[in-house]
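The chain contents come next:
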Amino acid sequence: MVCPSASRNGWLTHVRGTGGPGRAVDTGCPAATDGPLFRRIAGPVRPPVVGCVSITSTRTGAGVGRVAKGLTEANLRALAGTRSFERGTGYLDAVTGIEVGGSGATATVHGTERYEVELTLDGPRGLSGECDCPYGLEGNFCKHLVALGLSLLARSASLPKQRKAARSRAQTLDAWLSDLSREELLELVRDRIAEDRQFRRRLELRVASSRGDLAWARSRIRELLDIGPFAQYGYVEYAAARAYADQAGQAASAIGELTGSGRAADAIPLAREAIRLLAGAAENVDDSDGWLGQVGAALADAHHDACRAADPDPEELAHWLVEHALHDDGDFTDIDPLDYEDVLGEQGMTALRRHAVEAWRSNRTGWAEKYLMERLAKAGGDADMVIAVHAADLAPDGSTHLTIARELDTAGRPAEALEWAERGIRDIEEAADLDAALVDYLADRYTQADRLADAVALRRDHFDAHRTLPAYQHLRAAAQAADGWPPERERALALLRADAERRPGSHSVSVLVDALLDDKDIDAAWQAATETGAHDRQWLALADRPSDALDVYLRLAEPLTRQTGNALYERLVGLLLSMRDCHRRLDTPDEFTAYVTALRTTQRRKRNLMRLMDEHGL
């Protein structure tokens with residue numbers, strides 16, 4: 001099933017089922033920014049366990065927004081999308097152990113691993129499916145579900161009879177259980193406890209939680225989060241990570257049970273200890289599939305639910321939230337202090353801001369401290385505090401000045417924004433280190449304010465420090481707007497030409513030729529390329545006349561004839577086709593025929609080249 005909870009970045013969907021934690025899918029829903037409100041609507045969230053995703057439409061495939069009502073090939077394609085549907089047709093032989101039930105069917109599909117799939121045929125929301133493959137856990141109707149659906153369609157004649165028989169068996173079983181005495185039911189449960197260690201642990205935790213046996217619950221939670229039984233040489237490999245996450249997820253269940261039994265105040269310290277233990281364990285687990293991340297999210301939810309139920313001391317909670325956010329544990333569980341606004345109240349939020357400010361003042365360059373302060377300041381509409389946070393740790397390239405300028409623009413303070421941008425230009429000692437985005441921002445502001453000479457001067461300085469084609473293009477645009485491009489162009493080209501003459505064959509040569517080509521000055525570009533050199537790409541761009549182009553193609557083809565490799569052969573054939581076109585335009589096809597004949601003679605041992613030439617009629 002798909003269970004939502006609030007996250008820092010969006011709507012975080014926890015995928016849960018029957019065995020361990022699933023994945024999270026950030027659907028980007030802006031409503032998730034209101035964590036407390038959502039939690040009031042959604043209620044307590046149980047911890048994720050490995051399982052399947054109920055799907056009636058896909059997030060990324062062709063079935064977005066659709067609900068398929070019945071089991072048909074068309075509906076399977078609509079839910080899965082064309083690509084997954086076509087891939088699913090290749091998995092029909094991989095479907096094993098089909099069990100038809102009253103509402104649908106389950107099976108195992110053998111892909112990269114063994115995946116458990118369940119297809120509901122006529123549920124409340126129509127045709128839907130569950131699969132624990134990675135793609136399915138991300139909220140998609142996968143190829144394994146398609147394979148099961150197609151397998152069921154292949155036996156459609158007998159399917160109604162099988163479903164009727166399954167419903168009859170379920171009713172018979174339910175009636176039989178109802179007739180059992182209390183002792184007989186207890187015996188069944190005891191047998192299950194003896195056979196299934198995980199089942200026994202879950203029941204034991206529920207008992208301890210319901211009775212308020214905090215010491216025993218704490219010891220059990222520590223056992224659940226211990227990597228020892230799954231680790232080899234102190235590390236949990238990928239193959240065992242899911243099983244460990246399955247066990248660790250039970251800790252969140254136990255904490256939730258404690259809250260549900262009226263012991264929320266006891267659940268709070270247990271949740272915090274579990275979060276700390278899991279974060280420490282995660283350093284020694286290959287969590288490539290993100291299972292532990294989901295357990296961490298479940299523990300965060302359990303902590304929040306306990307706080308909502310227990311009404312803890314706001315000062316103490318605020319202090320813990322800040323400390324948690326500033327340490328690695330905070331990154332792992334993604335607990336957002338702002339989600340606790342409904343629990344903290346006015347007194348707690350004041351304490352939260354005070355603790356955050358104290359932490360930031362003691363470490364003004366710390367990423368976590370800055371991030372927390374910025375979020376709190378923005379949430380409170382305090383633009384000055386946002387600016388103060390950034391101003392305390394200015395980057396040496398002016399990028400922070402630009403961030404501050406944009407924050408001031410958002411706050412409706414454009415004059416101050418311009419001052420900070422100009423300060424960024426002044427504060428940078430080396431022009432070559434200046435962030436180009438800051439230059440773009442300030443040049444745009446100058447242009448909007450009709451300060452065209454200032455925009456040209458800014459672009460000129462930037463070009464002097466960065467002699468690149470984009471810098472040249474920006475200078476040209478600014479100078480043309482100010483009706484002063486000819487002298488600026490002469491100066492800029494003189495710099496590029498001097499660079500090219502000092503370092504022939506270097507990057508500066510490329511910029512000179514590119515700048516002239518961008519100006520559509522082909523003759524000057526051809527002359528510069530002839531005098532200082534050019535790259536293959538530039539020679540091809542210069543070859544606008546058939547005779548010139550032919551010389552370029554011959555020069556580029558010559559080194560390719562001395563090399564081998566299919567990619568090189570394709571390039572050579574491309575050049576030969578261009579040569580043929582030039583000879584046709586020059587009315588000299590005989591010369592091309594002679595060239596190709598000679599080339600075939602010298603290259604005849606390159607069979608792949610000969611084949612390519614044959615395919616193109618060369």
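Residues numbered from 1 in each chain as written. Predicted model: local features only at pLDDT ≥ 70, side-chain atom pairs only at ≥ 80, totals over all residues. Heavy atoms only, no water.

Right, let's talk about the overall build of the chain for a bit. Along the chain, the regular secondary structure elements total 30 helices and seven strands. Counting across all 618 residues of the chain, residues that qualify as buried make up 45%. Per element, the accessible surface of the chain, about 30,800 Å² overall, is 49% carbon and sulfur. (Helix = DSSP H or I, 4+ residues; strand = E, 2+ residues; numbered from the N terminus. Buried < 20%, exposed > 50% of the residue type's maximum accessible area, 1.4 Å probe, protein only. Areas by Shrake-Rupley, 256 points an atom, 1.4 Å probe, with all protein chains shown as cover.)

Time to look at the sheet that holds strand 6 (residues 114-123). Spatially, 4-5-6-7 is the arrangement adopted by the four strands of the open sheet, whose pairing is antiparallel. Both outer strands of the open sheet, strand 4 (95-100) and strand 7 (126-131), are each paired with one neighbouring strand and no more. The sheet shows a mean angle of 15° between the axes of neighbouring strands, direction not considered. In this fold helix 6 (residues 159-179) packs onto strand 4 and strand 6, with an angle of close to 60° to the strand it touches most, strand 4. (Pairing = 2+ DSSP bridges. Axes fitted to C-alpha atoms, helices over the stretch in contact; angles between N-to-C directions. Contact = heavy atoms within 4.5 Å.)

We now examine the pairing of strand 6. As paired elements, strand 5 (residues 104-110) and strand 6 share seven bridges and run antiparallel to each other. Bridging across to strand 6, H110 finds its partner in R114. The hairpin turn running from strand 5 into strand 6, its antiparallel successor, is three residues long. As defined by bridge partners, strand 6 adjoins strand 7 across five bridges and the pair is classed as antiparallel. Paired with L119 across the strands is G129, a residue of strand 7.

This part covers the packing of helix 18 (residues 399-410) against helix 19 (residues 414-427). As a packed pair, helix 18 and helix 19 sit with axes 7 Å apart at the nearest point and diverge in direction by 175°. The orientation of helix 18 with respect to helix 19, classified from their angle, is roughly antiparallel. Across the interface between the two elements, H401, I404, A405, L408 and D409 of helix 18 pack against P414, E416, A417, W420, A421, R423, G424 and D427 of helix 19. For the contact of helix 18 with helix 19, a count of residues per class yields seven nonpolar, two polar and four charged. (Parallel < 35°, antiparallel > 145°, perpendicular 65-115°, else oblique. Nonpolar A, V, L, I, M, F, W, Y, C, P; charged D, E, K, R; others polar.)

Now for helix 13 (residues 314-325). Here helix 13 is 12 residues long and its end C-alpha atoms lie 16 Å apart, about the 16 Å a rise of 1.5 Å per residue gives. If you check which residues of helix 13 are buried, you get P314, L317, A318, W320, L321, V322, H324 and A325. (Expected span 1.5 Å × (residues − 1).)

Turning to the nonpolar core, a few remarks are in order. Judged by nonpolar contacts, the single largest core of 62 residues is most densely connected at Y244 and I255. Y472, A479, A529 and V596 belong to the second largest nonpolar core, which has 47 residues in total. (Core = buried A, V, L, I, M, F, W, Y, C linked by side-chain atoms within 4.5 Å.)

A positive phi angle is found at D483, which is not glycine, with a value near 55°. Tracing the sequence through the fold places D483 in the loop between helix 22 (469-481) and helix 23 (485-502). Accessibility expressed as a relative area gives 73% for D483, which makes it exposed. Look at K520: it is not a glycine, yet its phi comes out positive at around 65°.

Attention shifts here to a nonpolar patch on the surface. A cluster of nonpolar residues, L173, W176, L177, L185 and L188, forms a patch on the protein surface that exposes about 440 Å² of accessible area. Among the elements that line the nonpolar patch, the one with the most residues is helix 6, at three residues. Tracing the sequence through the fold places L173 in helix 6. (Patch = residues over 30% accessible without salt bridge, like charges linked within 9 Å, V, L, I, M, F, W, Y side chains within 5 Å. Salt bridge = Lys/Arg side-chain N within 4 Å of Asp/Glu carboxyl O.)

Further remarks concern the packing of aromatic side chains. Ring pairs (aromatic) are described by centroid distance and by the angle formed between their planes. According to the stated counting rule, one finds four aromatic pairs in the structure shown. Taking the centre distance of 5.1 Å and the plane angle of 5° together, the rings of W367 and Y371 count as stacked. Of the two residues, W367 and Y371 are both situated in helix 16 (residues 367-379); the distance of four residues between them amounts to about one turn of the helix. Here Y371 falls in the partly exposed class, since its relative accessible area comes to 24%. Relative to W485, the ring of Y472 lies with its centre 5.5 Å away and its plane at 70°, an arrangement referred to as edge-to-face. Taken together, the residues Y472 in helix 22 and W485 in helix 23 connect sequence positions 13 residues apart. (Phe/Tyr/Trp six-rings, centres within 6.5 Å; stacked < 30°, edge-to-face > 60°.)

Time to look at the confidence of the model for the chain. The predicted coordinates ought not to be read in detail in places where the model reports low pLDDT. On average, residues of the chain score 81 in pLDDT, and 85% of them are at 70 or above. Counted against residues more than four places away or in other chains, residues 1-67, with its pLDDT under 50, gives 197 contacts. (pLDDT = per-residue confidence, 0-100.)

Next up on the list: the pattern of salt bridges. The final tally for this structure, using the stated rule, is 34 salt bridges. We note a salt bridge from R451 to E422, for which the minimum N-O separation is 3.4 Å. Linking R451 in the loop between helix 20 (436-448) and helix 21 (452-465) with E422 in helix 19, this pair joins segments that are 29 residues apart in sequence. D519 serves as the salt-bridge partner of R489, at 2.8 Å between the closest nitrogen and oxygen. Placement of the pair is R489 in helix 23 and D519 in the loop between helix 24 (507-518) and helix 25 (522-532), with a sequence separation of 30 residues. Bridged by salt links that share partners, the residues R476, R489, D518, D519 and D521 form one connected network.

Among the residues of helix 2 (residues 73-80), L76, A78, L79 and A80 are the ones counted as buried. Tucked inside the fold, the buried residues of helix 2 contact helix 3 (82-88), strand 7 and helix 5 (143-154). G81 sits one or two residues past helix 2 and shows a positive phi near 90°.

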